[in-house]
Amino acid sequence: MAEIKELSPELSDQIAAGEVIERPSSVVKELLENAIDAGSSQIKISFVEAGLREIVIEDNGSGIAPNQLDLAFRRHATSKISTKADLFKIRTLGFRGEALASISAVAHVAILTNTGGAAGVSATFADGRKLTQKPAAAKKGTRISVRDLFYNTPARLKYLKSETTETTKIIDIVNRIALSHPELKISLKSEKKDLLLTNGSGDLRQDMAHIYGRIVASQLIEFSGSDADFVITGLMTPPDITRANRNYISILLNGRYIKNFQLSKAIMAGYGSKIGLGKFPIFVLNIKLDPLLVDVNVHPTKQEVRLSKESSLSRLIINTVAKALERNSNSGDALTN
Ligand code: ADP
Ligand code: MG
């Protein structure tokens with residue numbers, strides 16, 4: 001065996017970056033979440049060549065002060081939590097302090113940001129290190145450009161799917177995050193076309209119309225339910241509007257898009273035999289709960305979470321969905337009779 005050595009910060013950064021930044025859509029997700037955490041009301045995202053050549057995201061949030069920039073790009077440095085207790089009541093999308101460090105370890109990053117003062121600051125980063133920093137004119141908010149993703153990790157580049165697939169993944173994550181924040185104006189563009197533009201009205205149905213079309217949106221059934229621990233609300237298609245896979249089900253937990261097989265099973269159980277085998281609804285489920293009931297710190301990407309009381313939440317979902325469908329079919333009868 002060779003001698004044991006501590007890895008250089010550059011190498012350990014690159015290893016850690018691989019967990020958070022798997023593909024271009026991971027960059028988009030992390031930067032979009034940062035923009036939301038910064039209190040932005042308007043966020044513009046654009047990308048070139050499935051995000052591999054460039055991803056740009058511009059927000060009108062809090063900005064970063066010049067003397068905080070180095071920290072913002074340092075691993076495990078965050079403004080979002082500070083004590084152990086904070087870890088059990090996470091209200092922000094981020095808290096691990098890993099995204100900017102990870103992205104700058106595997107891409108060329110340029111940032112222009114201003115906290116609202118007279119002058120902003122611009123800086124560039126690569127290989128996890130700052131290359132330049134200087135004062136710069138800027139509006140309040142932050143603009144980050146990520147170029148040449150995975151230029152220094154060829155294996156990762158090879159593992160990526162086709163440009164079409166990677167583009168689809170970007171569109172998918174932006175759609176879901178837009179659905180979890182209808183109060184935000186979010187736009188997404190590729191070099192080829194406009195892919196999403198939400199108006200920030202706060203109306204979930206309008207956002208669903210942008211994403212799934214006006215006809216689907218007009219048919220959506222509103223539902224709400226609660227028990228001692230959870231409040232659930234959202235919109236769902238009636239059983240005759242379905243898709244061939246689960247990808248149209250979005251589960252949002254305190255404003256965070258998550259993946260949870262148990263909860264999507266509960267949704268399907270609520271439809272019961274009304275929906276055919278292998279068919280799935282278009283569904284947005286908003287769950288509000290005390291942050292104490294959920295552990296977000298399970299996986300670096302934070303899309304998997306551990307929920308206590310998952311089975312009582314499942315029951316609430318099944319009952320609420322079943323009731324909403326019953327109400328809807330009764331109101332349909334009333335119209336035809
Ligand atoms: P985390 O989001 O987990 O805190 P990040 O690496 O994503 O970690 O960001 C580090 C810090 O940089 C954040 O805690 C925040 O203070 C700051 N930051 C990042 N993006 C923005 C942004 N768009 N606007 C304002 N501040 C930002
Ligand atoms: Mg973050």
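What counts and how
Numbers given to residues run from 1 along each chain, matching the order in which its sequence is written. Ligands are numbered from 1 and chains lettered from A, in the order in which they are written. Reporting in this predicted model follows two pLDDT cut-offs: at least 70 for local features of residues, and 80 or more for side-chain atom pairs to be given and counted; totals over whole chains, interfaces and linings ignore these cut-offs and use all residues. Exposure classification rests on a simple neighbour count of other C-beta atoms within 10 Å of a residue's own: a residue reaching 20 or more is buried, one at 12 or fewer is exposed, and one in between is partly exposed. C-beta atoms are placed from the backbone. A run of DSSP states H or I qualifies as a helix once it reaches four residues; a run of E qualifies as a strand once it reaches two. Both are numbered from the N-terminal end. In this text, near has one meaning. A residue is near a molecule or strand if its C-beta atom, placed using the backbone, is within 6 Å of it. Side-chain classes follow a simple rule in which Ala, Val, Leu, Ile, Met, Phe, Trp, Tyr, Cys and Pro form the nonpolar group, Asp, Glu, Lys and Arg form the charged group, and the remainder, Gly included, forms the polar group. We call two strands paired when DSSP finds no fewer than two bridges between them. Fitting a line to C-alpha atoms yields each axis, with helices limited to the stretch in contact; the angle taken between N-to-C directions then spans 0 to 180 degrees. Only buried residues count toward a nonpolar core: Ala, Val, Leu, Ile, Met, Phe, Trp, Tyr and Cys, linked into one set through C-beta atoms within 7 Å. These domain limits were set by an automatic method or by a database of domain assignments. A pair of residues counts as a contact when their C-beta atoms, built from backbone coordinates, are separated by no more than 7 Å. Oblique is the label for any angle not covered by the other classes, which are roughly parallel (under 35 degrees), roughly antiparallel (over 145) and roughly perpendicular (65 to 115). Take the far helix as your reference; a near helix turned counterclockwise from it by less than a right angle gives a left-handed crossing, and one turned clockwise gives a right-handed crossing.

Student: Help me out: how do you make sense of helix α4 (residues 99-106) in this one?
Tutor: Because each turn of an α-helix spans 3.6 residues, side chains separated by three or four positions in sequence point in the same direction. Among the 8 residues that make up α4, 8 are buried, leaving the element largely enclosed by the rest of the structure. Considered for burial, the residues of α4 that qualify are A99, L100, A101, S102, I103, S104, A105 and V106.

Student: Can you walk me through the site of ligand 1 in this structure?
Tutor: Taken together, the neighbourhood of ligand 1 is formed by 22 residues, with N34, A38, T78, G94 and A99 sitting nearest. Where the shell around ligand 1 is concerned, the elements lending two or more residues are α2 (24-37) and α4. Of the residues that constitute the shell around ligand 1, the class distribution is 8 nonpolar, 9 polar and 5 charged.

Student: What is the right way to look at the sheet that holds strand β12 (residues 256-258) in this model?
Tutor: Sheet strands pair via backbone hydrogen bonds, and the direction of the pair is either parallel or antiparallel. Ordered in space as β9-β10-β13-β11-β12, the 5 strands form an open sheet in which the pairing is mixed. Edge positions in the open sheet fall to β9 (221-226) and β12, since each of these has one partner strand only. This sheet shows a mean twist of 20° between the axes of neighbouring strands, independent of strand direction. Here β9 runs beside strand β10 (residues 230-236); their pairing, made up of 6 bridges, is antiparallel. Looking across to β10, one finds that E222 is bridged to L235.

Student: Honestly, the nonpolar core in this entry has me stumped. Any pointers?
Tutor: Generally speaking, nonpolar side chains in soluble globular proteins are found buried as a group. Judged by nonpolar contacts, the single largest core of 85 residues is most densely connected at V28, L32, I103 and V174. If you count residues domain by domain, this core takes at least three from each of domain 1 (9-197) and domain 2 (213-336). Look past the residues within four positions of I103 in its chain and what remains in contact with it is I21, V27, E30, V109 and V146.

Student: Just checking my understanding: could you explain the environment of A119 for this structure?
Tutor: Of note, A119 is situated in the loop between β3 (108-114) and β4 (120-126). For A119, a count of 11 C-beta atoms within 10 Å corresponds to the exposed category. Sequence-wise, A119 and S218 are 99 residues apart; in three dimensions their C-alpha atoms are separated by 47 Å.

Student: Help me understand the packing of α2 against helix α6 (residues 163-180) in this model?
Tutor: Relative placement of two packed helices is described by the angle separating their axes and the distance separating the axes. Direction vectors running N to C along α2 and α6 enclose 20°, while the axes themselves pass 8 Å from each other. Compared by their axis directions, α2 and α6 come out roughly parallel. In terms of crossing hand, the pair formed by α2 and α6 is right-handed. Here α2 contributes P24, S25, V28, K29 and L32 to the contact with α6, which in turn contributes E166, K169, I170, I173, V174 and I177. Here the residues of the contact of α2 with α6 sort into 7 nonpolar, 1 polar and 3 charged.

Student: Honestly, the domain arrangement of the protein chain in this entry has me stumped. Any pointers?
Tutor: Often the size quoted for an interface is simply the accessible area lost on bringing the parts together. Assigned domains within the protein chain: domain 1 (9-197) and domain 2 (213-336). Here the C-alpha centre of domain 2 lies 29 Å away from the C-alpha centre of domain 1. Here the element with the most residues in the side of domain 1 that touches domain 2 is α6; it accounts for 4 residues. Partitioned by chemical class, the residues of the side of domain 1 that touches domain 2 number 7 nonpolar, 3 polar and 6 charged.

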